Amino acid sequence: MPTLHLFHHAGLARSTQLLLSLVLMLPLTALASAGKVVIAQGEVYALDANNEQRTLARRSDVNEGDTLVTGTDGRLQIRFNDNAVLALSPDSQLRISEYHSRGAGNDQEQVLMDLLAGGFRTITGSIGSTDRDAYQVRTPNASIGIRGTHYEAVLAESSLLLGVYDGGIVVSNENGRLNVGLGGNFLFAEVGPASAPRGLLEPPARLNQSPVPGTGQPGQPAPDDEPEANLVDDDEGGLSLEEAFAGDEPPPTIPQLTDEQEAQLLALLSELDDELTDLGEKAENQPIAADVRLTEAQQTALTKDPGKGFIVLTDSDGDAVHFVYRVDGGNGPVFVNYEGETLAELDTGYVSPDRVYKGPTQTDPQSLVTLEREDQTVEWGIWNASPSDPATLLESSTSLSESSLDTTPFFYVFAEPADLTSLTGTRYLSLCSSMDCINVLASNGETLSSADGYMDVNLDDLTTLAGMNLNMSDGSQWSLYFSGEVNNSLLNTNDLFIDYGQGEQDVSSYNPGDQSPQATDLTGEFQGLFINSESQGLEFVGGFGVSSADADQSISGVFLMSGSGSE
C-alpha cells in the first residue's frame, strides 16, 4: 500500500499514515441519491434502469438501478451515502441494484450490487456494519458479504479473484463457503466456475491493477519470491496466517488509532475535502483551446448546457436547415454548427465547432413567435441580413479571414428536443388554421394567403409521413410531401416531393419515394425537431427551404404542428 505524500502531520505515526491512505476520500457528510462521483477518468458512463446512457463526471449522481461502466481507459471512484468509497477498474461493469439506508420509505438498510465484468476495490461504509445480511455483492461465480471491510474483487477470465486489506469478507456459492481476512486463514481467494472458494497465500497479479480508494494510486505488486503453498478448498484446513508469514517477517497487524490520532485524521480529511473541491473547480475552469471565432465566455457557455435549435437559410438551394447550438453574442445569438448535425456533439464535453454563424452587426433579430411550455420557451424569428449588413459564416478556428458573407435574411428557432424513448403509438399532428404558427419568406415578395399541413408520427418505429400546401398571394401554390425518420428527436427526411405552379396542384396520389415533377428543376429540404410537454403533448417545430429553377422562385419558412394521437 502506498504511503501518503500529499499531507504530513507531526502527530501522526506511520501506521496512521498508512490508514489515512486507505480512507483518504471518505466524505464528512451524506450526499444525495445513492452516492456521487469523486473521480472520473477516460470513458465512464452509467446505464439507468431504462438502459438510458449518461456520461459520468466529477460530482455526478449515482442512483439505485444504475449500471456503472468503464472503458479500457476508464477509472471511476464513487462516494456512497453511507461513507463507503468504491474504485471501479477499467473495462468493468457494476450494477447498483439497491443502495439505501433505513428511512425515507425504506424499512431496512440494504446494499446489493452485481459485478458483471472487471473489478473494483472498496472501503465499505455504515450499511452492513451491524447487520451483515444488509450488504451483498453478487458475481457470476459467488456472492460476497462483509465484516467491516476494505477489499477488492476482480472478474478475470472465468475466475473471481479477491483480496482483503482490512476486516473480512465471506465468499459463498452452492459449492462452498470461505472466510477471507478477519475470521479466516487467508487474505486472498479465488473462485473458479462451478468451484468452491479457494484461499491463496499471495495476491493474484490482477488485483494489483486496481487503484487504492482515496489515492488514485495502484496497489503495491506482490514480491517475486513469495512462497507458494498447496491450499484446500475451505477455511477449516490449510495454513494459518502465522504459518503463511513464518520467517524473518512478522505476520501483518491492523493498526489501531488513539482518540487523538482519530481527531487529527478527521481534521486532515476535512482539509483534504476542501482542497479537492478547489482543485476540481480549477480543473473545470481550465481554458479551452483558443478559437478566434468565439470569446472565452462563449466557449465556456458551450460546455454548460447551451441552447439548441436550428436556422433556415433563405438562399440555400436545397441545403436550408441546419441544427445549431446557440450562445449569447454582442448583438443577438451566435450559432454553432457541427458537420454531423445531431445536437449530441457536446454531450461529452467541448468540441471545436465546424462552423460558427453570426448575424448582422447593425440589425437586431426580430422575434416572430414565442410559445410557453412547462419545461421551456420555444421561440422563432427572422434576422434580416442584407448586402450592407451581412451575416458571417466562419469555418476556421485560427483565422477570421477564412469567412463568407450571407446577404439574405434567415430564420432561427430556439427549441429543446424532447426525449421520445418513453412514448409509443401514433400521433397525428396538423398545422394550426389561424396562420399564427407559420412564417414564410418568398423570393418574389409574395405573402402567404393560407396553408394546411399534417404529419403522421409512428413512435414505435420512429417514422413519419407528412405534407403541406402553401397558397401564396399571387395565386401560386407550393406543395411539399415527404417521408422521414426520427433520430434523437430530430427529423431527417428521406424523400421530398415538391410541386409548384399556379392554382391547385394534384398531389393526391403521392407515395413515399415519388419523384417531384421535373425533379431537376425543383429542389429543397424539410427538417425539424420534436418537443413534448404535459399540456400540449407531442409537437413538431420544422423548417423548410425549396426552390424552382425554371420559375426562378424560392420560399422558406418555419412552422409548428400540434395535434392528438393514440397511445
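Residues numbered from 1 in each chain as written. Predicted model: local features only at pLDDT ≥ 70, side-chain atom pairs only at ≥ 80, totals over all residues. Heavy atoms only, no water.

Section: the nonpolar core
Here is a general trend for soluble globular proteins: nonpolar side chains tend to be buried in one another's company. To keep it simple, the criterion reads: Note on terminology: a nonpolar core comprises buried Ala, Val, Leu, Ile, Met, Phe, Trp, Tyr and Cys residues joined through side-chain atoms within 4.5 Å. The rule is simple: take the accessible area with a 1.4 Å probe, protein chains only, and divide by the maximum for that residue type; under 20% is buried, over 50% is exposed, in between is partly exposed.
Residues M455 and F530 are the most contacted members of the largest nonpolar core, which totals 65 residues. Listed in part, the 39 residues of the second largest apolar core include A46, V62, Y135 and V171.

Examining the state of the cysteines
Short version of the rule: Only a pair of cysteine sulfur atoms within 2.5 Å counts as a disulfide in this structure description.
Applying the stated criterion across every chain yields a total of 1 disulfide. The disulfide that involves C432 links it to C437, with 1.9 Å between the sulfurs. On the S-S bond that ties C432 to C437, the torsion sits near -120°, and the link is left-handed. A relative accessible area of 7% means that C437 is categorised as buried.

Comments concerning the packing of aromatic side chains
The test is simple: Here a Phe, Tyr or Trp ring, Trp counted by its six-membered ring, pairs with any other such ring whose centre lies within 6.5 Å, and the pair is stacked when the planes are under 30 degrees apart, edge-to-face when over 60, and tilted otherwise. Numbering goes from the N terminus for both helices and strands, where a helix is a DSSP run of H or I of at least four residues and a strand is a run of E of at least two. Only Lys NZ and Arg CZ are tested; either one counts as a charge over a ring when it is within 6 Å of the ring centre and within 35 degrees of the ring normal.
In total, this model carries 18 aromatic pairs according to the counting rule given. Residues Y165 and F188 carry aromatic rings whose centres are separated by 6.4 Å and whose planes lie at 70° to one another, so their mutual orientation is edge-to-face. Remark: F188 occurs in strand β16 (residues 188-191) and Y165 occurs in strand β13 (residues 159-166); sequence separation between them is 23 residues. Residue Y165 is classed as partly exposed on the basis of its relative accessible area, which comes to 24%. When the ring of Y412 is compared with that of F414, the centres are 5.1 Å apart and the planes differ by 35°; the resulting orientation is tilted. Accessibility expressed as a relative area gives 2% for Y412, which makes it buried. Members of the aromatic cluster, joined through ring pairs, are F335, Y357, W383, F410, Y412 and F414. Positioned above the aromatic ring of Y165 is the side chain of R121, whose terminal nitrogen or guanidinium carbon lies 3.7 Å from the ring centre. Note that R326 overlies the ring of F414, its terminal NZ or CZ placed 3.9 Å from the centroid.

Description of empty space enclosed by the protein
Under the convention used in this document: Of the grid points, spaced at 1 Å and generated over the protein atoms alone, those admitting a 1.4 Å probe that cannot get out make up cavities, while open sets with protein on both sides within 12 Å along at least five of seven lines make up pockets; any residue with an atom within 4 Å of a point is treated as lining. Grid points are joined across faces, edges and corners, and a volume is the space filled by probe spheres set on the points. Gly is placed with the polar residues, together with every amino acid not listed as nonpolar (Ala, Val, Leu, Ile, Met, Phe, Trp, Tyr, Cys and Pro) or charged (Asp, Glu, Lys and Arg).
Under the counting rule described, the total for this entry stands at 3 cavities of 30 Å³ or more. The computed volume of the largest cavity comes to approximately 50 Å³. Lining the largest cavity are A442, N444, E446, M472, D474, S476, W478, Y500, Q553, S554 and I555. Secondary-structure elements contributing two or more residues to the lining of the largest cavity are β33 (476-487) and β37 (553-566). For the lining of the largest cavity, the leading source of residues is β37, giving 3 residues. Here the lining of the largest cavity is built from residues that sort into 5 nonpolar, 4 polar and 2 charged.

Observations regarding the sheet that holds strand β23 (residues 355-358)
Selection rule: Between any two strands, pairing holds if DSSP finds at least two bridges. Every axis corresponds to a line fitted to the C-alpha atoms, with the helix fit spanning only the stretch in contact, and the corresponding angles, defined between N-to-C directions, vary from 0 to 180 degrees.
Taken in spatial order, the 9 strands of this open sheet run β24-β25-β28-β20-β21-β22-β23-β26-β27, and their pairing is antiparallel. A strand with exactly one partner marks an edge of an open sheet, and here the two such strands are β24 (366-372) and β27 (403-406). Within the sheet, the average angular offset between the axes of one strand and its neighbour, ignoring direction, is 25°. By the bridge criterion, 5 bridges tie strand β20 (residues 307-313) to strand β28 (residues 410-414) in an arrangement that is antiparallel. Across the sheet, L313 pairs through a bridge with F410, a residue of β28.

Notes on the side chain of D82
So the rule is basically this: Think of it this way: Lys and Arg go in the positive column, Asp and Glu in the negative one, and His and the chain ends go nowhere. Any Lys or Arg side-chain nitrogen located within 4 Å of an Asp or Glu carboxyl oxygen qualifies as a salt bridge. By the criterion applied in these results, polar contacts are pairs of N or O atoms within 3.5 Å in which, for protein atoms, one can donate a hydrogen and the other can accept it, and in which residues neighboring in sequence qualify only through two side-chain atoms. Contacts: residue pairs with any heavy atoms within 4.5 Å of one another.
Relative to the assigned elements, D82 resides in the loop between β6 (75-80) and β7 (85-88). One buried charge, D82, has no salt-bridge partner; the nearest side chain with opposite charge is R79, at 11 Å. Engagement of the side chain of D82 in a polar contact is seen with the side chain of Y99, the distance being 2.7 Å. Here D82 is in contact with Y99, G125, S126 and I127, once residues within four sequence places are set aside.

Remarks on the pattern of salt bridges
By the definition in use, this model includes 10 salt bridges. With a closest N to O distance of 2.9 Å, E190 and R198 form a salt bridge. In this structure, E539 engages R373 in a salt bridge whose closest nitrogen and oxygen atoms are separated by 2.8 Å. A residue pair is termed long-range when its members are at least 10 positions apart, and E539 in strand β36 (residues 537-548) and R373 in the loop between β24 and β25 (377-383) qualify at 166 residues.

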